[in-house]
Amino acid sequence: MATKFEGWTAHGTDSIKGNLKWEEYKVKDFQDDDVELKILYSGICSSDLHTMSGNWMDVSKFYPLVVGHEIIGEVIRAGPKAKPKVGDIVGVGPMCDSCLECEYCKKGENNFCTKGTGTYAGKFQRGASAGQDSQGGYANYWRGPDTFVIPVPKGLDLAAAAPLLCAGATVWYPLETYGAGTKAKKVGVVGLGGLGHIAVQFAAALGAEVTVISHSDKKNADAEKMGAKHVIVTGNDPAAAVAPHVRSLDLIVCTSFDEKMPIDAYISLLKPGGTFSCVGLSGKPVVLNPWQFCMNAVHFTSSPAHNPQGAARMLEFAAKHNVKPWITKYPFEKANEAVVSMDKGESRYRHVLVNTNNGGEL
């Protein structure tokens, strides 16, 4: 019997207000390097909300759209050229395919491919699937190439592992790339939310001395439990709050996507030659002051979706060091309730949809 793909579909920018519809939808044609997953868990990412609300781009051409790029599932079908096998537990993050032929793909840096395909709201670029839409994980099944399908190591709580596929990989990239715990012994994390609380755990497990930078002291106890040694509370006067700590950090991972954030104050916390990695993405530009970079020779960067090898290293590290997102589980039937809660900022610190019909456990 052919797999019947059903999921929570968006039909308008008001979908995040509880207007997702459960219905059947069309997926790409099955190819030799494709896999089909029975979805067990699907994390709810801020990217899902930004996309559905039209904050990042007009997605009306993709309706009906199924979002979700923090997917944990079991392989139930594998093409003859696919690496995963039936029965494997795997994950899928923000990207699901690349051209496999450009200089970046040949170096294993598929995440930099200019013809890459997002796990949802994208168009496949190669083979007989070219031009067909990609669909995400708020669904009973997922079909796509094995390019970015990552094996999930034993020892991980599968529900908590779901947010690692996007949020975890997003913060792991700058921490690994810029040497958290080695070259960057003192690491700051701006914002203790869905991304930030994972960044703190990873940075601490990597051996860094971690400082959380937050606008209030409401989460100080949580920050300590996650491994932070210090908290800077910016309050209503960020410049004054950071003044005693100027030039104290080697690396800052900024998870805020507020375009009005006090970025000058944050950057002043970096030592000369330090790195500011802004992984919180807004739909609006952030204003930068070149003088901050000039006087301290600091670097401003961000984080792409990780390549498959990097994502695999991240999951292995999380399993070994017990890095575990703090999650609230929702049954798949309550996806609208979960999305509305996420949009209101109620998550502490991630929401995960559980497909009990497929074997997910609440």
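Remember, it's a predicted structure, so these values are computed and weren't measured experimentally. (Residues numbered from 1 in each chain as written. Predicted model: local features only at pLDDT ≥ 70, side-chain atom pairs only at ≥ 80, totals over all residues. Heavy atoms only, no water.)

Trainee: Would you explain the overall build of the chain in this entry?
Mentor: Helix and strand counts for the chain come out as eleven helices and 17 strands. Compactness check: the chain gives a C-alpha radius of gyration of 20 Å against a globular reference of 21 Å for 362 residues, within 12% of the reference. In terms of its C-alpha atoms, the chain occupies a principal-axis envelope of roughly 65 × 45 × 40 Å. Counting over 362 residues, the chain shows a buried share of 54%. When contacts within the chain are restricted to residue pairs at least 6 apart in sequence, long-range pairs at least 24 apart make up 70% of them. (Helix = DSSP H or I, 4+ residues; strand = E, 2+ residues; numbered from the N terminus. Rg over C-alpha atoms; globule rule 2.2 N^0.38 Å. Buried < 20%, exposed > 50% of the residue type's maximum accessible area, 1.4 Å probe, protein only. Contact = heavy atoms within 4.5 Å.)

Trainee: Can you help me understand the UniProt feature "domain: Enoyl reductase (ER)" (unreviewed entry) in the chain in this one?
Mentor: Cross-referencing UniProt, the feature "domain: Enoyl reductase (ER)" (unreviewed entry) maps to residues 18–354 in the present numbering. Along residues 18–354 the backbone is 25% helical and 25% strand, and the end-to-end C-alpha distance reaches 18 Å. (UniProt positions renumbered as here; feature names shortened; annotations may be inferred.)

Trainee: How should helix α11 (residues 335–343) be read in this particular structure?
Mentor: Because each turn of an α-helix spans 3.6 residues, side chains separated by three or four positions end up pointing in the same direction. For α11, every residue scored as buried is listed here: Ala335, Asn336, Ala338, Val339, Ser341 and Met342. Buried residues along α11 sit against β1 (6–9), β3 (34–44), α1 (46–52), β16 (327–331) and β17 (350–354). Gly345 occupies a position one or two residues after α11 and carries a positive phi of about 80 degrees.

Trainee: Sorry if this is basic, but what is going on with the sheet that holds strand β12 (residues 230–233) here?
Mentor: Within a beta sheet, neighbouring strands are joined by backbone hydrogen bonds and run either parallel or antiparallel to one another. Ordered by their spatial adjacency, six strands build an open sheet running β12-β11-β10-β13-β14-β15, and the pairing between neighbours is parallel. If you trace the sheet from one side to the other, it starts and ends with β12 and β15 (299–301), each paired once. Geometrically, the sheet is characterised by an average inter-axis angle of 20 degrees between neighbouring strands, direction not taken into account. (Pairing = 2+ DSSP bridges. Axes fitted to C-alpha atoms, helices over the stretch in contact; angles between N-to-C directions.)

Trainee: Would you mind going over helix α5 (residues 196–205) with me for this structure?
Mentor: A large share of α5 lies buried, amounting to eight of its ten residues. Turning to α5, its buried residues number three or more, namely Gly196, His197, Ile198, Ala199, Val200, Gln201, Phe202 and Ala203. Immediately downstream of α5, the backbone of Gly207 shows phi near 100 degrees, a positive value.

Trainee: Just to check I follow, could you spell out the packing of aromatic side chains for this structure?
Mentor: Aromatic rings in a pair are described by how distant their centres are and how their planes are angled relative to each other. Inspection of the entire model under this criterion finds ten aromatic pairs. Ring geometry for Trp172 against Phe317: centres 5.0 Å apart, planes inclined by 45 degrees, an arrangement best described as tilted. One end of the pair, Trp172, is in helix α4 (residues 167–177); the other, Phe317, is in helix α10 (residues 308–321), and 145 residues separate them in sequence. Comparing Trp172 with Phe317, the two get one shared label, buried. An aromatic cluster is present here, built from Phe5, Tyr25 and Tyr141 joined pairwise through their rings. A cation sits over an aromatic face here: Lys28 above Phe124, 5.2 Å from the ring centre. Sitting above the plane of the Phe30 ring, Arg77 keeps its charged end 3.6 Å from the centroid. (Phe/Tyr/Trp six-rings, centres within 6.5 Å; stacked < 30°, edge-to-face > 60°. Lys NZ or Arg CZ within 6 Å of the ring centre and 35° of its normal.)

Trainee: Explanation requested: unusual backbone geometry in the structure shown.
Mentor: Geometrically, the link from Tyr63 to Pro64 is a cis peptide bond, its omega value of -5 degrees lying close to zero. Look at the link from Arg348 to Tyr349: it is a cis peptide, with omega at 15 degrees. Within the secondary structure, Tyr349 sits in the loop between α11 and β17.

Trainee: Would you mind going over the pattern of salt bridges with me for this structure?
Mentor: Any two side chains of opposite charge can pair, so long as their charged atoms come close to each other. Taken as a whole and judged by the stated rule, the model has 16 salt bridges. As a salt-bridge pair, Lys83 and Asp146 come within 3.3 Å of each other at their nearest N and O atoms. On the criterion of sequence distance, the pair formed by Lys83 in the loop between β4 (71–78) and β5 (89–92) and Asp146 in the loop between β8 (141–145) and β9 (149–151) is long-range, its members being 63 residues apart. The exposure class assigned to Lys83 is exposed, which follows from its relative accessible area of 61%. For Glu109, the salt bridge is made with Lys107, and the minimal N-O distance between the two is 3.7 Å. Note on Glu109: relative accessible area 26%, which makes it partly exposed. The network of salt bridges with common partners includes Asp33, Asp97 and Arg126. (Salt bridge = Lys/Arg side-chain N within 4 Å of Asp/Glu carboxyl O.)

Trainee: Just checking my understanding: could you explain the side chain of Glu70 for this structure?
Mentor: Mapped onto the fold, Glu70 is located in the loop between α1 and β4. Polar side-chain contacts of Glu70 include one of 3.4 Å to the backbone nitrogen of Ala167. Here Glu70 is in contact with Tyr41, Ser42, Gly43, Ile44, Cys45, Val92, Ala162, Pro163, Leu165, Cys166, Ala167 and Arg350, once residues within four sequence places are set aside. (Polar contact = N/O pair within 3.5 Å; in protein donor to acceptor, adjacent residues only side chain to side chain.)

Trainee: Would you mind showing me how to read the environment of Val287 here?
Mentor: Along the polypeptide, Val287 turns up in the loop between β14 (270–278) and α9 (290–296). Classification of Val287 as exposed rests on a relative accessible area of 70%. Spatially, the C-alpha atoms of Val287 and Arg313 are 34 Å apart, while their sequence positions differ by 26 residues.

Trainee: Hey, could you run me through a nonpolar patch on the surface in this one?
Mentor: A surface patch of nonpolar side chains, amounting to about 270 Å² of accessible area, comprises Trp56, Met57 and Leu281. Mapped onto the fold, Leu281 is located in the loop between β14 and α9. On the accessibility criterion, Leu281 (43% relative accessible area) is partly exposed. (Patch = residues over 30% accessible without salt bridge, like charges linked within 9 Å, V, L, I, M, F, W, Y side chains within 5 Å. Areas by Shrake-Rupley, 256 points an atom, 1.4 Å probe, with all protein chains shown as cover.)

Trainee: I keep staring at the packing of α4 against α5 and nothing clicks. Help me out?
Mentor: Relative orientation and spacing of two packed helices are given, respectively, by the angle between their axes and the distance between those axes. Close contact between α4 and α5 brings their axes to 9 Å; oriented N to C, the two are set at 45 degrees. In terms of axis orientation, α4 runs oblique to α5. Seen along the crossing, α4 lies across α5 with a hand that is right-handed. Contact with α4, carried on its side by Ala167, Gly168, Val171, Trp172 and Leu175, involves Ile198, Ala199, Phe202 and Ala203 of α5 and no other residues of that element. Residue classes in the contact of α4 with α5 are distributed as eight nonpolar, one polar and no charged. (Parallel < 35°, antiparallel > 145°, perpendicular 65-115°, else oblique. Left-handed = near helix turned anticlockwise from the far one by under 90°. Nonpolar A, V, L, I, M, F, W, Y, C, P; charged D, E, K, R; others polar.)

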